[in-house]
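Structural characterization, general
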Amino acid sequence: MKAPVYSIMLILAAINLHAEDGHSLWLRSKSTGSVNIMCAKSSPALAIARQELEHSWQGKDGATIVLTIKKDKALKGDGFRLTTNGIQANTESGILYGVYEWLRLQQTGQVIPEVISNPSYERRILNHWDNPDGSIERGYAGLSIFWREGENGFAITENDKVLWQEYARANASIGINGTVLNNVNASPLILTSECLERVKAVADILRPYGIKAYLSVKFSSPSLIGGLETSDPLNPDVINWWKAKVKDIYGLIPDFGGFLIKANSEGQPGPQDFGRTHADGANMMADAFKPFGGIVMWRAFVYSPNSEDRACQAYDEFMPFDGQFRDNVIIQVKNGPVDFQPREPFSPLFGAMKKTSVMAELQITQEYLGHSIHLVYLAPMWEEFLKSETYQEGEGSTVARTTDGSLFPQKHTAIAGVANIGLDANWCGHHFAQANWYAFGRLAWDNQLTSEEIADEWLKLTFSDVSVSKDWHDNFLTPVKQIMLSSREAAVNYMMPLGFHHIFAADHHYGPGPWWAPKGVRKDWTPPYYHRADTFGVGFDRTKSGSNAVCQYHEPLTSLFNDPETCPEIYLLWFHHLPWDYKMKSGRPLWDEICKHYGTGLQQVRQFQIVWDKVEPYIDADRFSAVQSKLRKQCRHAQIWKDACLLYFQQFSRKPIPYDIERPVYDLDDLMKADMRTL
Ligand code: BDP
């Protein structure tokens, strides 16, 4: 029988309602029974804790759970204790985090243990590179959720509020407690009253979720918007201007977090413009925050066109000031010495600055790892970084420990991640990019978690319904987790294996461009500066006879990195310029090994495609096909990476591509003219 037209419409509407756009992130579960919540206090934060329990409870129907705020010396900051019948914490945020942990354990099918959970860092912060006009620097998921262009750009709508609340909830559920609302390349407008009103509106929504708002500021704001003739940090008028500005901000936002500052970096103004130092600049601002308990995060991302080796500069510039910063200044250091590359050794500033608070800056947005097109799970990269041994205080001085206060007495500890969030329905552009947001939060809470544990948790929360069957476990969870866990190494293989870095075309940082060196562009912004390929060999000589970057590391790393025989092969071309026939540990010559890595990278992504196609029965159609189509593109682009790099470097190596590696399918000339984003 023919269905009447209106009922088809209804069905379509219903299907539409249930279209799976990924907006719910990892927060999907609905309660399966009722729960009695006992709590002696009430507050907006505790009301959220209650709501969450009621909304997502999957324990025994009618169970009672007690929420208790009381001083407990074993708990640090917003840490919590799970007991047989409830959650205990020093703070309301601690209760909220305990609730999310309890629910996460239920949803992932675990028994609730009696445990204490303390955060690794006091401040766990997202850095949004959002501009007041709504655009996002290095954003691949649509426009800003905080800022909007146009005449009514600053009007605060109900939709804004709903979105900000969803954002706050997602962050709180993974322990994030701070957010920098604008780009490090900061517009001076951010400190005008129009912008600050909007910041206040966001902060009001974030507050009950335990999240503080922070801002990036431009160092020259006193002259740009304050009418002063200078922005010299030692000038009394400038000092007073900042003090007054900070006071105004606290008048609007009493729990404001502080400032993030990019100074004397990539053309941004800073204290050096006035003959002053990073310490002069940072301390002047820190003093303005002192009465309010705010902090200054001062970035160490500095390099100049003339330095012999960009990788050395941050260390050279900051080490002389160790011990000279106020205790509410934290130096924010990118994980690697260059710039968020697919793989870098850790920045030597970690552990070397012993008398200064140092925090790591990770990049969640995939500027250098395939934007929102490639499926690349970043937790393995962060785990590798956090667990890197610095040897600064003997064995066990991992990067994690040099920043979390367990090795050095830091007044404040923090970690930051450059956000990958935008207005796209699924927030991050790629469904799997949500895992990177999630993983950042989880690692910021506990820097000892493994990427495997986090992937397992995220997949269960994001893709399974309440009960995880054996079938789902074997045929979805296990293979997809394997994709995630190998995806970063795959990307390194097809983009920049063996220590290659920064060989991208142009400024978009997406496709390959080892040849890219237009006239007039700064040398340190062009790939040949980094790969140094010639007919003799390839790689950047950072040994003692090269730029000497190895000496910025603590022994035994200096010696280890200095000698190609002991240098880990993953960093070989980062530290060494070696002949094309240099013998690798596998016995293969360097050229063959390079070819092998590119070939393997491509094969890995092809395998991801096959695995993904097989999981179709276990996932909703919308997310299945969205990921499938992105994987197709990723395969094409991995092929381009491989072909472009091998054909380009072959001009120098003058050696054949080994026969067990697939032949190139593109011509170098075509690839050199193309913009890979359009292929
Ligand atoms: C680079 C980005 C650039 C940022 C800069 C930074 O290409 O857009 O402004 O880092 O971190 O990775 O300041």
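Residues numbered from 1 in each chain as written. Predicted model: local features only at pLDDT ≥ 70, side-chain atom pairs only at ≥ 80, totals over all residues. Heavy atoms only, no water.

**Details of the overall build of the chain**
- Looking only at helices and strands, one finds 20 helices and 15 strands in the chain.
- Referenced to the eigenvectors of the C-alpha coordinate spread, the extents of the chain come out at roughly 80 × 75 × 55 Å.
- Expressed as a percentage of the 679 residues in the chain, the buried residues total 59%.
- For the chain, long-range pairs separated by at least 24 residues make up 70% of all intrachain contacts whose partners lie at least 6 apart in sequence. (Helix = DSSP H or I, 4+ residues; strand = E, 2+ residues; numbered from the N terminus. Buried < 20%, exposed > 50% of the residue type's maximum accessible area, 1.4 Å probe, protein only. Contact = heavy atoms within 4.5 Å.)

**What to know about the sheet that holds strand β1 (residues 35–39)**
- Taken in spatial order, the 5 strands make up an open sheet running β1-β2-β4-β3-β5, and their pairing is mixed. Looking along the sheet, the strands with just one partner apiece sit at the ends: β1 and β5 (115–117). Mean inter-strand twist for the sheet, computed between neighbouring axes without regard to direction, equals 20°.
- Relative to strand β2 (residues 63–69), β1 runs parallel, the two being bridged by 5 bridges. (Pairing = 2+ DSSP bridges. Axes fitted to C-alpha atoms, helices over the stretch in contact; angles between N-to-C directions.)

**Let's talk about the pattern of salt bridges**
- Counted according to the given criterion, the structure contains 39 salt bridges.
- The closest approach of N and O atoms between R138 and E367, which form a salt bridge, is 3.2 Å. In this pair, R138 sits in the loop between β6 (123–127) and α4 (158–173) while E367 sits in the loop between β12 (357–363) and α10 (379–386), placing the two residues 229 residues apart along the sequence. For the residue pair R138 and E367, the accessibility class agrees, reading buried in each case. (Salt bridge = Lys/Arg side-chain N within 4 Å of Asp/Glu carboxyl O.)

**Regarding the environment of S231**
- Topologically, S231 is positioned in the loop between α6 (221–224) and α7 (236–252).
- In contact with S231, not counting residues within four places along its chain, are F219, S220, S221, P222, S223, V238 and F274.

**Some details on the nonpolar core**
- Counting residues in each nonpolar core, the largest one holds 213 residues, and the members touching the most others are F259 and W437.
- The biggest single contributor to this core is helix α19 (residues 621–653), with 13 residues.
- The residues touching F259, leaving out its near neighbours within four places in the chain, are L191, L215, V217, W242, V246, I249, M285, F289, I295, V296 and M297. (Core = buried A, V, L, I, M, F, W, Y, C linked by side-chain atoms within 4.5 Å.)

**Things to note about the state of the cysteines**
- Counted according to the given criterion, the structure contains 0 disulfides.
- Just so you know, C645 is unpaired, no disulfide at all, and the nearest cysteine sulfur is the one on C595, 11 Å from it.
- Given the relative accessible area of 0%, C645 is considered buried. (Disulfide = S-S within 2.5 Å.)

**Things to note about the packing of aromatic side chains**
- For the structure on display, the rule yields 43 aromatic pairs.
- Relative to F476, the ring of F463 has its centre 5.5 Å away and its plane inclined at 55°; by these criteria the two rings are tilted. A residue pair is termed long-range when its members are at least 10 positions apart, and F463 in helix α13 (residues 451–463) and F476 in helix α14 (residues 470–495) qualify at 13 residues. Each member of the pair F463 and F476 is classed as buried.
- In textbook terms, an aromatic cluster arises when at least three aromatic residues are bridged by ring pairs, as seen for W241, W242, Y250, F256, F259, F289 and F292.
- The ring centre of W525 lies 4.4 Å from the NZ or CZ of R522, which sits over that ring.
- Above the face of the F540 ring, R542 is positioned so that its terminal group lies 3.8 Å from the ring centre. (Phe/Tyr/Trp six-rings, centres within 6.5 Å; stacked < 30°, edge-to-face > 60°. Lys NZ or Arg CZ within 6 Å of the ring centre and 35° of its normal.)

**Section: the site of the ligand**
- In the region of the ligand, 14 residues are neighbours, and E137, K262, R299, D339 and E367 sit closest.
- When the ligand sits alone it has 320 Å² of accessible area, and the protein chains cover 97% of it.
- Residues that form the shell around the ligand fall into these classes: 4 nonpolar, 2 polar and 8 charged. (Near = heavy atom within 4 Å. Areas by Shrake-Rupley, 256 points an atom, 1.4 Å probe, with all protein chains shown as cover. Nonpolar A, V, L, I, M, F, W, Y, C, P; charged D, E, K, R; others polar.)

**Notes on the pairing of β6**
- Buried residues dominate β6, accounting for 5 of its 5 residues.
- Of the two faces of β6, the one holding R123, I125 and N127 and the one holding R124 and L126 are both buried throughout.
- Across 3 bridges, β6 lies against strand β7 (residues 178–180) in parallel orientation. Note on β7: the bridge partner recorded for I125 is G178.
- With α4 bridging β6 and its parallel neighbour β7, the resulting β-α-β unit is right-handed. (Right-handed = clockwise from strand over helix to strand, strands pointing away.)

**Observations regarding helix α12 (residues 434–445)**
- Taking 1.5 Å of rise per residue, the 12 residues of α12 would be expected to cover 16 Å, and the 17 Å separating its terminal C-alpha atoms lies within 8% of that figure.
- Of all the 12 residues making up α12, 12 are buried; the element is thus mostly covered by neighbouring parts of the structure.
- Looking at α12, one finds that the buried residues are Q434, A435, N436, W437, Y438, A439, F440, G441, R442, L443, A444 and W445. (Expected span 1.5 Å × (residues − 1).)

**What to know about the confidence of the model for the chain**
- Within the chain, residue pLDDT values average 95, and 97% of them lie at 70 or more.
- Note that residues 1–17 has pLDDT below 50 and, in this model, 1 contact with residues that lie over four places away or in other chains. (pLDDT = per-residue confidence, 0-100.)

**A word on the packing of α4 against helix α5 (residues 193–206)**
- Between α4 and α5, whose axes approach to 9 Å, the crossing angle comes to 50°. By the angle class used here, α4 and α5 are oblique. Relative to α5, α4 is oriented so that their crossing is right-handed. Facing α4, whose interface residues are D160, K161, W164, Q165, Y167 and A168, α5 presents R198, A201, V202, I205 and L206.
- Looking at side-chain class alone, the contact of α4 with α5 contains 7 nonpolar, 1 polar and 3 charged residues. (Parallel < 35°, antiparallel > 145°, perpendicular 65-115°, else oblique. Left-handed = near helix turned anticlockwise from the far one by under 90°.)

**What to know about unusual backbone geometry**
- Residue P556 follows E555 across a cis peptide bond; omega there is 5°.
- Among the secondary structure elements, P556 is positioned in the loop between β14 (537–538) and α16 (557–562).
- The phi angle at E266 is positive, at roughly 45°, despite the residue not being glycine.
- With respect to the element layout, E266 can be found in the loop between β9 (258–261) and α8 (278–289).
- Since its relative accessible area comes to 32%, E266 is described here as partly exposed.
- For Y391, which is not glycine, the phi dihedral falls at a positive 65°.

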